[in-house]
Each structure stands twice: as structure tokens, then as C-alpha cells.
Amino acid sequence: MAADPSGRKIKSSPGEQHVQRLRFGIVGSGYMAKTHSLALRNLESFLWPDMPRIEMIRLADINARLAEESARRWGWAEATTDWKRITRADDIDVVVIITPNDSHEEIACDAFANDKHVFCEKPLASSAASAWRMAEAASRSGKVNMVNFVYRCWPAVQFARKLVDDGELGELRHFEGHFFQDYANAPDLPYAWRFDSARAGAGAGGDLGSHISDIAVALVGPVARVAASSRTYFPQRADGAAMRDVTVDDMMTTLVEFRSGATGSIHSSWAATGHKSDLAFTLIGSRGTLSFSWERNNEIHLYTEAEQKDRSGFRRIMIGGIHPEAEPFWYAQGQGLGYGEAFVITARRLVEAIQKNNTSASPSFAEAAHVNAVIEATVKAAATRQWQEVPG
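A. A look at the confidence of the model for the protein. Put simply, the protein has an average pLDDT of 94, and 96% of its residues get 70 or more. Contacts from residues 1-13, a stretch scored under 50 in pLDDT, to residues over four places away or in other chains number 38 contacts.

Printed below as a string of C-alpha cells:
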């Protein structure tokens, strides 16, 4: 039995299996269909000869025109408007879920009940309770379950994890991170499901904040409690000719206490003027500090007290094939990896977990459920102006 970050026990099924092919279905045809589809199409080439044949069988969307268009464009064999033709189909092994947050549970649980592996977009669900039900369904099923926390799996972040595990930073004291974008910093941006708390669960604090929260937990450990403040800059948005209320945050600022005793701050906004894809963090330990920025994602900055005093300082380390997760791509340091490769990395993790029958592979549903609990506590803390415990 493996333990997720909150201490819950999750079933695993060790033992590798020979997989000659994997047949994928994807539910949803939005923006993320492009990234997942391209990753699946490129996966075999990067991991030859140990990769099973990847077959992109079926794409589902409730909009028939979008389903047909996306299937043709991204290389899926056929389209459907019924997602159960994926979760219950005999010709599908793996279900990829990229639908709105409030639909993840129904689709994933149906897939598990029909003996499918599941790869789900983040955040795992629109509520912590829903996320834990999904994690428990995954555990009962004995199938591989993973969540698309691509930034946590990035080579530079995995190298940061290695430095932490090797004790290079000493005792971890403080995590400071943010994820800022500005795509919603416009009053004329139309209303969409992400602006509805019933469907999304949270705004920027869940959409972008889940990524930086996941990194914080992966590096420092589970979160014990949070305090937060939020702002909604655009209280209404146009939905056709009508105006609808926005019921989520555009900015979330959070103070964090980890169970280890470390402190932290996590901030997220999709209306941060001038910030395009600004995910960044600094991790401070008793013997060293490291920092990372996605906008310079092929490098990490490291300071350790092991350096000679008269030449100590932060040094830039360029990421390349010698670092975790990077070897299948461009071996030379500084050649550069990008957003597309990030999705190849998470897709590879999924396939390798299926090959090894590793039902606790990371980022798992159980890990993501803890992040959902952090998000939910953060929303409550912002509403009450009080510290909130994160349930275990």
C-alpha cells in the first residue's frame, strides 16, 4: 500500500506487463485536445523501441461539429457526441478527460467501472469531496490513474525535487510561488464555465493555482492550513446578449503552512497585467536555495552554502539530457525544451505506468485530491478571512 501526500493509503499493483498497443479515447475537444493529441502522436518516436503502438481511436464532444473537426485535425480515427462510447467501449484502453471540472468525476468513475486507465486534466474535480471519491474509485479499480500536472513533471522541477531529496538544501523552510497570466484581464472576454464556481470550484486559484500548489506539495510536502484573500476584477461578463455574474476569483493570494513546519505563499491570477505564462517559485532551505521560472524554463538557479565563501552565489544550471525527464529529447544542455515536450513527458509517464502496472504512479489522483483540498480551503479562507485547516 502506498501513501498519498495526505497520508491516505492507496492500493498499488506491482508487476510489469507486456503491452503491444494502447488504444486511446479523449473526452473533450477544447484547447487541451491539441496538446494531448500532439503528445500522443509524438510519443512513440521519442521512446522507441520500448513504446507500445499508440492508437488514437475516438474523440468525444457534445458539439458534433467540434468533435468532427477536432478528430480530423488532430488525428483521431472517429468522432462521437456520446462520451460513453469511450468509457464503455471495448476498443478503448485509456480515457483522457479534458472536460469542465464538474464533469470529471462522472466520466472517470464510469471509465474505472469499465476497466479503463484514466488520465485527467487538472484540477481533478470541482470539489475536494468529488476529488476524493475519484481517488477512491481509482484505488478500487486497480487501474492506472494520473493527472496532467505538467509543470511538476518538467525536467527543471524534477531536478529541483532531486536536489531536495539529496539534502542539498537542508531543512526546507519556505516556499514562495506564483502562477500569473493575463488572458482574462479584459472586460470583453465572454462568459465561460471557468467563471462559474459551481462548475469550476474556484477561479484562478483553482485553474492556475492548482499547478503551483501541486509543485509546492511535491517539493515541500502536504499543506496543513491556509489563509487567503481574493479579488474578482470583472464581476460580470457577457453571455451572448445577457450579462452573467462571475462567481470565482480573478486573483488569489495565499499564505501556507506545511505539515513539516515550513511556511509559504502561493499566488495565482489570470488577470495579472503583462504576465503571459509566469509560473515561478523559490524554495529556501537551511543550507541552500533554488529558484525557477517557466518563462526561462530550461534553467534553474541554485545557491548552496557548500560553495567557497569568496565565490559563493546563485549559479545558473542549464537543463539537458543529463537531468530527470529530459533524456529522450535533445541531449545537449541548453538546446531547449518547450511546452509541447511537457505533454510528451506526462504521456510517457502514463504509458510507462501502464506497462509496469504501477497504479500509484505520479501525479496520481490521490495526490491531486490533496491539491483540491488545498484549493477548497483557500476559497473558504478568502471568504471567511480566517485560517482554514486542510483536511487529511
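B. Representation of the sheet that holds strand E8 (residues 145-147). Pairing in this open sheet of six strands is parallel, and the strands run E5-E4-E3-E6-E7-E8 from one edge to the other. In the strand order of this sheet, the two ends are held by strand E5 (78-80) and E8, each with one partner. For this sheet, the mean inter-axis angle between neighbouring strands, taken without regard to orientation, is 20 degrees. Where strand E4 (residues 53-60) lies against E5, three bridges are found, and the strand directions are parallel. Across the sheet, the residue bridging to arginine 58 is glutamate 78, located in E5. Lying over the sheet, helix H1 (residues 31-47) contacts strand E3 (21-27), E4, strand E6 (94-97) and strand E7 (117-120), oriented at roughly 160 degrees with respect to E4. Of the strands in this sheet, E7 and E8 are in contact with helix H11 (residues 365-384), which crosses E8 at around 40 degrees.

C. Region of the structure containing the pattern of salt bridges. The final tally for this structure, using the stated rule, is 27 salt bridges. In this structure, arginine 88 and aspartate 110 form a salt bridge, with 2.8 Å as the shortest nitrogen-oxygen distance. One end of the pair, arginine 88, is in the loop between helix H3 (84-87) and E6; the other, aspartate 110, is in helix H4 (residues 104-113), with 22 residues separating them in the sequence. We classify arginine 88 as partly exposed; its relative accessible area is 44%. Judged by relative accessible area, which is 12%, aspartate 110 ranks as buried. Between arginine 152 and aspartate 214 there is a salt bridge; the shortest N-O distance is 2.9 Å. Linking arginine 152 in the loop between E8 and helix H6 (155-165) with aspartate 214 in helix H9 (residues 209-220), this pair joins segments that are 62 residues apart in sequence. Overall, the relative accessible area of 2% leaves aspartate 214 in the buried class.

D. Local environment of the packing of H1 against helix H10 (residues 339-355). As a packed pair, H1 and H10 sit with axes 8 Å apart at the nearest point and diverge in direction by 65 degrees. In terms of orientation, H1 and H10 fall into the roughly perpendicular class. By crossing handedness, the relation of H1 to H10 is classed as right-handed. Only Tyr339, Phe343, Val344, Ala347, Arg348 and Val351 of H10 make contact with H1, whose side of the interface consists of Tyr31, Met32, Thr35, His36, Ala39, Leu40, Asn42, Leu43, Phe46 and Leu47. Residue composition of the contact of H1 with H10, by class: twelve nonpolar, three polar and one charged.

E. Representation of the packing of H4 against helix H5 (residues 128-141) within the structure. The N-to-C vectors of H4 and H5 enclose an angle of 10 degrees; their axes lie 9 Å apart at closest approach. Here H4 lies roughly parallel to H5, going by the angle between them. Contacts between H4 and H5 pair His104, Glu105, Ala108, Cys109 and Phe112 from the former with Ser130, Arg133, Met134, Ala137, Ala138 and Ser141 from the latter. Looking at the contact of H4 with H5, its residues break down into six nonpolar, three polar and two charged.

F. Local environment of unusual backbone geometry. For the bond from lysine 122 to proline 123, the omega torsion is -20 degrees, close enough to zero to count as cis. When you line up the elements, proline 123 lands in the loop between E7 and H5. Even without glycine at this site, aspartate 115 takes up a positive phi of about 65 degrees. You can see aspartate 115 is positioned in the loop between H4 and E7. Despite not being glycine, asparagine 357 has its phi angle at roughly 55 degrees, a positive value. When you line up the elements, asparagine 357 lands in the loop between H10 and H11.

G. Structural context of the nonpolar core. Phe24 and Phe175 are the most contacted members of the largest nonpolar core, which has 92 residues in total. Among the elements that line this core, the one with the most residues is H10, at nine residues. Grouped together as the second largest cluster of nonpolar side chains are 31 residues, Ala60, Ala125, Phe149 and Ala202 included.

H. How the structure looks around the environment of alanine 113. Structurally, alanine 113 is set in helix H4. Given a relative accessible area of 65%, alanine 113 falls into the exposed group. Taking the C-alpha atoms as reference, alanine 113 lies 8.7 Å from threonine 87; in sequence the two are 26 residues apart.

I. Quick look at H1. Taking 1.5 Å of rise per residue, 17 residues should cover 24 Å, and H1 covers 25 Å from first to last C-alpha, within 8% of that figure. Roughly 35 degrees is the biggest bend found in H1, and it falls at arginine 41. Listed as buried for H1 are Met32, Ala33, Thr35, His36, Ser37, Ala39, Leu40, Leu43 and Leu47. Each element contacted by the buried residues of H1 is listed here: E3, E4, helix H2 (64-74), E6, E7 and H10.

Parameters and conventions
Residues numbered from 1 in each chain as written. Predicted model: local features only at pLDDT ≥ 70, side-chain atom pairs only at ≥ 80, totals over all residues. Heavy atoms only, no water. pLDDT = per-residue confidence, 0-100. Contact = heavy atoms within 4.5 Å. Pairing = 2+ DSSP bridges. Helix = DSSP H or I, 4+ residues; strand = E, 2+ residues; numbered from the N terminus. Axes fitted to C-alpha atoms, helices over the stretch in contact; angles between N-to-C directions. Salt bridge = Lys/Arg side-chain N within 4 Å of Asp/Glu carboxyl O. Buried < 20%, exposed > 50% of the residue type's maximum accessible area, 1.4 Å probe, protein only. Parallel < 35°, antiparallel > 145°, perpendicular 65-115°, else oblique. Left-handed = near helix turned anticlockwise from the far one by under 90°. Nonpolar A, V, L, I, M, F, W, Y, C, P; charged D, E, K, R; others polar. Core = buried A, V, L, I, M, F, W, Y, C linked by side-chain atoms within 4.5 Å. Expected span 1.5 Å × (residues − 1). Bend = angle between axes of the 7 residues up to and from the residue.

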